[in-house]
Amino acid sequence: MVQDNTAGAYLVIQIGNSLGKRVELWKESTTIGRSRECDIFLEDIAVHRKQASIVRIAAGYLLRDDHGSGDSFINGQPAREQLLNNGDQLHFGHTSLIFYSNEGTRPFQLPSSRGKELHVGKTPKSETHIVARLEQQNERTGMQQSIELLSNMTIGRSRECDIFLEDLAVSRLHATLREIPDGRFELLDNHSATGTFVNGKAIAKCLLQAGDTIQIGASQFIFVYA
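Residues numbered from 1 in each chain as written. Predicted model: local features only at pLDDT ≥ 70, side-chain atom pairs only at ≥ 80, totals over all residues. Heavy atoms only, no water.

A. Local environment of the overall build of the protein chain. Looking only at helices and strands, one finds zero helices and 22 strands in the protein chain. Each of the 226 residues in the protein chain was classed as buried or not, and the buried ones make up 46%. Within the protein chain, contacts between residues at least 6 apart in sequence are counted, and of these 41% link residues at least 24 apart. A total accessible area of about 12,000 Å² is found for the protein chain, and carbon and sulfur atoms account for 50% of it. (Helix = DSSP H or I, 4+ residues; strand = E, 2+ residues; numbered from the N terminus. Buried < 20%, exposed > 50% of the residue type's maximum accessible area, 1.4 Å probe, protein only. Contact = heavy atoms within 4.5 Å. Areas by Shrake-Rupley, 256 points an atom, 1.4 Å probe, with all protein chains shown as cover.)

Okay, here's the thing in structure tokens:
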């Protein structure tokens, strides 16, 4: 049986209004453009309504410039029709995306919600009082990401975790952040394979203090009170 090398391909937006968004390429042909009818809607005035398509073929995935104006780019070069390679950077208007050929080829990334939204964690109800958060600096953009903490939040590589870390060094259910009755937070390691670290020390359970540095896989966070 011929092995399918195209399973699990996806795009991650690197520059644009949806920074950090992940888009799975599960269709035979995925359309890209400024029209809301496109599979990948880019809210970018410099993008055509129907800009391009990514077509699944036997050899992998093919980028096709549907507008025909020569302003769809792969690694800085205009492309009318070109087979994509893992790590290729696609550029449409003011938006840049990275193509990943399968799940195992992406380098360690910042927390992500697999294409649903950049903000990670559950959206608190209107009556919920947020007392603490995790902060992380995006070294590439210089922007700071803030994750508001609810009373009980899981961290890991599973899609079901409240804070999803797309990192092969992170266990599926790696750790749990839990608010205790006095309003402080404790961090528990869920018997992870690579460990959970606070201020450089491996922990099984740790009562967090403001300013503590949490390391899980390649991701580092600062714990702060709101």
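B. Broad picture of the packing of aromatic side chains. The tally for this structure, following the rule as stated, stands at four aromatic pairs. Seen in terms of ring centroids, Phe223 and Tyr225 are 5.0 Å apart; in terms of plane orientation they differ by 80°. Their pairing is edge-to-face. We classify Phe223 as buried; its relative accessible area is 0%. In this structure an aromatic cluster arises from ring pairing among Phe185, Phe223 and Tyr225. (Phe/Tyr/Trp six-rings, centres within 6.5 Å; stacked < 30°, edge-to-face > 60°.)

C. Representation of the sheet that holds strand β16 (residues 175-179) in the model. Taken in spatial order, the five strands line up as β15-β14-β16-β17-β20 in an open sheet, and their pairing is mixed. In this open sheet, the two strands that pair with only one neighbour each are β15 (163-164) and β20 (205-207). Here β16 runs beside strand β17 (residues 185-189); their pairing, made up of five bridges, is antiparallel. Paired with Ala175 across the two strands is Asp189, which belongs to β17. (Pairing = 2+ DSSP bridges.)

D. Main features of the sheet that holds strand β10 (residues 89-92). The six strands are arranged β2-β1-β11-β10-β7-β8 in an open sheet whose pairing can be described as antiparallel. Single-partner strands in this sheet number two, and they are β2 (22-24) and β8 (77-78). Sheet topology note: the strand β1 (residues 10-15)/strand β11 (residues 95-100) ladder contains five bridges and is antiparallel. Bridge assignment links Leu11 to a residue of β11, and that residue is Phe99.

E. The arrangement of the side chain of His48 in detail. For His48, the location among the structural elements is in the loop between β4 (40-41) and β5 (52-57). Reaching out from His48, the side chain makes a polar contact with the side chain of Asp71 at a distance of 2.7 Å. Excluding residues that lie within four positions of it along the chain, His48 makes contacts with Gly33, Arg34, His67, Ser69 and Asp71. (Polar contact = N/O pair within 3.5 Å; in protein donor to acceptor, adjacent residues only side chain to side chain.)

F. The nonpolar core, seen in detail. In terms of nonpolar packing, the biggest core is built from 22 residues, with Leu134, Leu149, Ile163, Leu187, Leu208, Ile214 and Phe223 touching the most fellow members. Where this core is concerned, the elements lending two or more residues are β12 (132-137), β14 (152-156), β16, β17, β21 (213-216) and β22 (219-225). For Ile214, the residues in contact, after removing those within four places along its chain, are Leu134, Leu187, Phe197, Val198, Leu208, Ser219, Gln220, Phe221 and Phe223. Counting residues in each nonpolar core, the second largest holds 20 residues, with Leu11, Leu63, Leu84 and Phe99 among its members. (Core = buried A, V, L, I, M, F, W, Y, C linked by side-chain atoms within 4.5 Å.)

G. Region of interest: the pairing of β17. Within β17, five of the five residues are buried, which leaves the element mostly enclosed by the surrounding structure. Side chains of β17 alternate between two faces, with Phe185, Leu187 and Asp189 and Glu186 and Leu188 buried alike. In the sheet, β17 pairs with β20 via three bridges, with the strands oriented antiparallel. Along β20, the bridge assignment pairs Leu188 with Lys205.

H. The environment of Ile32, seen in detail. Among the structural elements, Ile32 can be located in strand β3 (residues 29-33). Overall, the relative accessible area of 1% leaves Ile32 in the buried class. For the pair Ile32 and Phe92, spaced 60 residues apart in the sequence, the C-alpha separation amounts to 9.1 Å. Dropping the residues within four chain positions of it, Ile32 is found in contact with Cys38, Ile40, Leu42, Lys50, Gln51, Ala52, Ile54 and Phe92.

I. Fine view of the pairing of β21. Only one face of β21 is buried, namely the one carrying Ile214 and Ile216, since none of Thr213 and Gln215 on the opposite face is buried. Looking at chain direction, strand β18 (residues 196-198) and β21 are connected through three bridges and run antiparallel. Counted as the bridge partner of Phe197 is Gln215 from β21.

J. Representation of unusual backbone geometry within the structure. Positive phi values are uncommon outside glycine, yet Asn75 reaches one of about 50°. If you trace the backbone, Asn75 turns up in the loop between β7 (72-74) and β8. The backbone phi angle of Asn199 is positive, close to 55°, even though this residue is not glycine. Along the chain, Asn199 turns up in the loop between β18 and β19 (201-203). Asn199 sits in the partly exposed class, given a relative accessible area of 45%.

Distances and angles like these do not, on their own, reveal function.
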